[in-house]
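Structural overview for review
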Amino acid sequence: MNDLFVDCCRLGPAPTRSREAFVIAVTVVLLAIIFAIVQASWIFVATASTIIAVYLAGRWAFGERNRWNVR
């Protein structure tokens, strides 16, 4: 559990694809909970979701290109 928590906290991608997929799933669930509790406007939710989606896509792309396919 400690490794998965560290993967969620780091800026770069996780060491494996499956752990990165876990990070993305946890992030989506936490954002949904936070947005439901805060009841923010739809503009804020859409903007924040877009920014976070771009960030997570960048993490995935960096992992695919530089980390996971290295032998």
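Our structure's up above, just so we're on the same page.
Computed from a predicted structure; not experimentally measured.

1. Remarks on helix α2 (residues 17-38)
Taking 1.5 Å of rise per residue, 22 residues should cover 32 Å, and α2 covers 31 Å from first to last C-alpha, within 8% of that figure. Among all positions of α2, only Glu20, Val23, Leu31 and Phe35 are buried. Projected down its long axis, α2 carries its buried residues within an arc of 90°, all on one side. Facing away from the buried surface of α2 by more than 90 degrees, the exposed residues are Ser18, Ala36 and Ile37.

2. Some points on the side chain of Arg59
Among the structural elements, Arg59 can be located in helix α3 (residues 42-67). Note on Arg59: relative accessible area 4%, which makes it buried. A polar side-chain atom of Arg59 sits 3.3 Å from the main-chain carbonyl oxygen of Gly12. If we skip the residues at most four places from it in the chain, Arg59 touches Asp7, Cys8, Arg10, Leu11, Gly12, Pro13, Ala14, Glu20 and Val23.

About the cut-offs
- Residues numbered from 1 in each chain as written.
- Predicted model: local features only at pLDDT ≥ 70, side-chain atom pairs only at ≥ 80, totals over all residues.
- Heavy atoms only, no water.
- Helix = DSSP H or I, 4+ residues; strand = E, 2+ residues; numbered from the N terminus.
- Expected span 1.5 Å × (residues − 1).
- Buried < 20%, exposed > 50% of the residue type's maximum accessible area, 1.4 Å probe, protein only.
- Arc of directions from axis to C-beta.
- Polar contact = N/O pair within 3.5 Å; in protein donor to acceptor, adjacent residues only side chain to side chain.
- Contact = heavy atoms within 4.5 Å.

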